[in-house]
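Observations on chain architecture
One-letter residues, chain by chain:
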Amino acid sequence: MDDLARLPFFRPFTPEALAPLSALARWRSFTPGQVVLEAGDQTQEVFFIVEGEVRVVSRSSGGHEMILNELTAGSFFGEIAAIDQAPRSAGIVALTRARICTVPAEPFMAFTLSSPEASRHLLRLLAALVREKDARLMELAVLPVRPRLIALLLRLSRPRKAGGRVVSPPRPQHELAARIGTRREVVSRTMGAMQREGLMELTRGGLVLLKPEALEAEVEAAYRAASGG
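On a predicted model such as this, the values are computed, not experimentally measured, just so you know.

Rules and cut-offs
For every chain, the first residue of the written sequence is number 1, and numbering continues from 1 along that sequence. Restriction of local features to residues with pLDDT of at least 70 applies here, the model being predicted, together with a cutoff of 80 or more for giving and counting side-chain atom pairs; totals for whole chains, interfaces and linings are based on all residues. Hydrogens and water molecules were not included; the side-chain quantities draw on all heavy atoms of the structure. Note on conventions: DSSP H or I runs of at least 4 residues are helices, E runs of at least 2 residues are strands, and numbering of each starts at the N terminus. By this definition, two strands are paired if DSSP reports at least two bridges between them. In this scheme Phe, Tyr and Trp rings, the latter by its six-membered ring, pair at centre separations within 6.5 Å, and the angle between planes marks the pair as stacked below 30 degrees, edge-to-face above 60, and tilted otherwise. The classification of residues rests on relative accessible area computed with a 1.4 Å probe and restricted to protein chains. Under 20% of the type maximum is buried, over 50% is exposed, and intermediate values are partly exposed. Helix span, as expected, comes to 1.5 Å for every residue beyond the first. The contact criterion used throughout is that any non-hydrogen atoms of two residues lie within 4.5 Å. All axes here are fitted lines through C-alpha atoms, helices being fitted over the stretch that makes contact, and every angle between N-to-C directions spans 0 to 180 degrees. Roughly parallel means an angle under 35 degrees; roughly antiparallel, over 145; roughly perpendicular, 65 to 115; everything else is oblique. By the convention adopted, Pro, Cys, Tyr, Trp, Phe, Met, Ile, Leu, Val and Ala count as nonpolar, Lys, Arg, Asp and Glu as charged, and the other residues, Gly among them, as polar. UniProt positions are given in the numbering used here, feature names are shortened, and annotations may be inferred rather than shown by experiment.

**Here we look at unusual backbone geometry**
Looking along the chain, the bond that leaves S168 and enters P169 is cis, with omega of -5 degrees. Note that P169 resides in the loop between β10 (165-167) and α6 (173-180). Backbone geometry at Q85 places phi at a positive 60 degrees, although glycine is not the residue there. Among the secondary structure elements, Q85 is positioned in the loop between α2 (79-84) and β7 (91-94).

Here is the structure:
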């Protein structure tokens, strides 16, 4: 049911408070691989993911693609352009079938600024975004490829009943490479070495991280080495 009150950002508010935005909201469905918006677009909406998953991508003038993030139901995007009215800084592509609600930027900002609760919520989300970007920038700036790949796999993984952690479904190597700023061949060699060392294995259920504690320790050691510690 298409209702703003279903969306986490708007749940604290009454139907009466949401009525002006509800009248302006538009609900769209996307198929896997469909472009939701392109970097550089001048559109002025905020997008709320109702169902499905999307990917945030950035492409260089030479065609090199870097995956910046993946967002699931309950997340939203487009708030930066709503604030500064600049063109979109990244592209968005649907990874799965997705249902997305759009709200025009100006009414959204008016609603947010009129409510201390909504303003604080938006500020907290922006602060979390900045912290996440800072952490990823630090990884790219100071860590070699192997600990960057390990850190990514740990973030993508979840606990496994039989022990260790699992990335399921396993991500394609070219995708992993695009997320850590390297080439697929480098990811392939690095994962091969880690399998031979008994740190991971590829099963029908996904990519299993057999010794997550050892992998976490390797990332921490790489940070210490980078800082001269």
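**A word on the sheet that holds strand β3 (residues 45-51)**
Strand order in this open sheet of 4 strands is β1-β8-β3-β6, and the pairing throughout is antiparallel. Both outer strands of the open sheet, β1 (26-30) and β6 (76-77), are each paired with one neighbouring strand and no more. Both β3 and strand β8 (residues 98-104) contribute to a ladder of 6 bridges, which runs antiparallel. What sits directly across from E51, in β8, is R99.

**Digging into the packing of aromatic side chains**
Scanning the entire structure with this criterion turns up 10 aromatic pairs. Ring geometry for F9 versus F10: centroids 5.2 Å apart, planes at 80 degrees, classification edge-to-face. Relative accessible area serves as the criterion here: at 3%, F9 is assigned to the buried category. On the basis of an interplanar angle of 75 degrees and a centroid distance of 5.4 Å, the ring pair of F9 and F76 is categorised as edge-to-face.

**A few points about helix α4 (residues 116-142)**
The end-to-end C-alpha distance of α4 is 39 Å, a good match for the 39 Å that 27 residues give at a rise of 1.5 Å each. On its buried face, α4 is in contact with β6, α2, α3 (105-114), α5 (145-156) and α8 (212-226).

**Overview of the packing of helix α1 (residues 15-24) against α3**
Direction vectors running N to C along α1 and α3 enclose 170 degrees, while the axes themselves pass 10 Å from each other. With respect to α3, the axis of α1 lies roughly antiparallel. Two secondary-structure elements touch here, α1 through A17, L18, L21 and L24 and α3 through P107, F108 and F111. The class makeup of the residues in the contact of α1 with α3 is 7 nonpolar, no polar and no charged.

**Things to note about the UniProt feature "domain: HTH crp-type" (unreviewed entry) in the chain**
Per the UniProt entry, the sites bearing "domain: HTH crp-type" (unreviewed entry) are residues 143-213 in this numbering. Within the segment residues 143-213, helix and strand shares are 49% and 18% respectively, and the terminal C-alpha atoms sit 18 Å apart.

**Observations regarding the packing of α6 against helix α7 (residues 184-196)**
Across the interface, α6 lies against α7 with an axial gap of 8 Å and an inter-helix angle of 105 degrees. Taken as axis vectors, α6 and α7 run roughly perpendicular relative to one another. Residues Q173, H174, L176, A177 and I180 of α6 lie in contact with α7, whose contacting residues are R184, V187, S188 and M191. Of the residues contributing to the contact of α6 with α7, the split by class is 5 nonpolar, 3 polar and 1 charged.

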